[in-house]
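# Geometric and topological summary
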Amino acid sequence: MQRVLQIFVLGLLLLWPLGKHLNAADLRSALRDGLKDLDARKGETGLCVLTDASYVIINGKTTEPLVDLIREETGCTVGKGNMLFFHRPIHHPLKIAIFRKSTEECVVVRYDGKRIDRHKYDFGEEAVAKSLFWQKTDALLEQDKYTIVSIARVWAADAPYDLLKCVDFHGHLCPGIFAGYMVARYIPKTYPLKKGEAYIWIASPLWCKDDAIQVLLDLTAGKKDIYPIALTTSQKKELTFENPVGFLIVWNKEKKTGKGVVFSFAWDKVRKKGKLQTVLNLLGYVEKPEELVSVVKECEVPPGIMEKLKTKETNPYRWLGLTK
Ligand SMILES: [Zn+2]
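A brief look at the structure comes next.

Calculation rules
- Residues numbered from 1 in each chain as written.
- Predicted model: local features only at pLDDT ≥ 70, side-chain atom pairs only at ≥ 80, totals over all residues.
- Heavy atoms only, no water.
- 1 Å grid on protein atoms, 1.4 Å probe; cavity = no way out; pocket = protein on both sides within 12 Å on 5 of 7 lines; lining within 4 Å.
- Points joined across faces, edges and corners; volume = space filled by probe spheres on them.
- Helix = DSSP H or I, 4+ residues; strand = E, 2+ residues; numbered from the N terminus.
- Nonpolar A, V, L, I, M, F, W, Y, C, P; charged D, E, K, R; others polar.
- Salt bridge = Lys/Arg side-chain N within 4 Å of Asp/Glu carboxyl O.
- Buried < 20%, exposed > 50% of the residue type's maximum accessible area, 1.4 Å probe, protein only.

This paragraph deals with the layout of surface pockets. The probe, sized like a water molecule, is rolled over the atoms to show the empty space still left. For the largest pocket, the calculated volume is near 230 Å³. Around the largest pocket, the lining comprises 13 residues; the ones closest to its centre are Tyr121, Asp122, Phe133, Lys136 and Asp138. Of all the secondary-structure elements, those providing two or more residues to the lining of the largest pocket are strand S7 (116–122) and helix H5 (131–135). The greatest single-element share of the lining of the largest pocket, amounting to 4 residues, is contributed by S7. When grouped by side-chain class, the residues that make up the lining of the largest pocket number 5 nonpolar, 2 polar and 6 charged. The computed volume of the second largest pocket comes to approximately 170 Å³.

The following block contains the structure:
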């Protein structure tokens, strides 16, 4: 009887992680097989994992336990900067990509709650330069193809971790989020806050860069310290300067006054033929954002600007005298 009980308890212990952590045993073996596909060993340098685990929900369960499972199987960790995330909606399938820098090969595991698929890809420069690589539909990578390829390649090119945090939130790596990263790095260095001051960001025109401003400067629409104001094509044509990024208000809450700074970004210096090539080119400017970010105008913010921001009725650059 005791023996039967022992077997029963052992059985429960073996089954318990499966129930709690999704199809954990199968995922573990998929990751182990993935490492074998790459001819790689757990914990070796030059390995990187990209995943939407912790964002997606599979079979009604949140997926943060899988982050530990991935760490245990691959040796990649957040602390080492080689466990990277990309934001996906809760209904998206689970994706785990293991990238090996030395061979530029990547194994991608996909799990939708029913079946686990795994495939090895060549993410080398030559392979991804072919238009066929991008045109080919792929049931496993799906719409995550560009995200996974681009993050893996910039990680291998020593992209800074805070840039990859912005990319995580934004969900893909594009020249726009990179431009926002450069502006966000430039702001506290050039306009440090004094006592009683806070940043307010006028995201106008609205594009990818504003997500990097949110992440690095902790400014959000919900907290009302970022104001997204889209511009129409004709409103953009009205501007007296090129490549607008947005404008910053260094706001003194007590005095109810602030300094306004309008920024532009030197796309002409860095733009290459493709998105990924532009991003890789931008990496060369990480330590010198001032070469790409320029100040169009500094001014005292006009009285009543905070009220105007709430109405959003017109081109905000008009208030600053930057329209034709
Ligand atoms: Zn983008």
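Don't stop here, the text continues.
Time to look at the pattern of salt bridges. Under the defined criterion, the tally for this structure stands at 22 salt bridges. With a closest N to O distance of 2.8 Å, arginine 28 and glutamate 72 form a salt bridge. Taken together, the residues span a long stretch of sequence, with arginine 28 in helix H2 (residues 24–38) and glutamate 72 in helix H3 (residues 65–74) at a distance of 44 residues. Residue glutamate 72 is classed as partly exposed on the basis of its relative accessible area of 33%. Two residues, glutamate 142 and lysine 95, come together in a salt bridge whose shortest N-O distance is 2.6 Å. Of this pair, glutamate 142 sits in the loop between H5 and helix H6 (145–156) while lysine 95 is found in strand S5 (residues 94–100), placing the two residues 47 residues apart along the sequence. On the basis of relative accessibility, which here comes to 0%, the residue lysine 95 falls in the buried class. Taken together, the shared-partner salt bridges connect Arg88, Lys95, Arg110, Asp112, Glu142 and Asp144 into one network.

Function-wise, these values are silent; they only describe arrangement.
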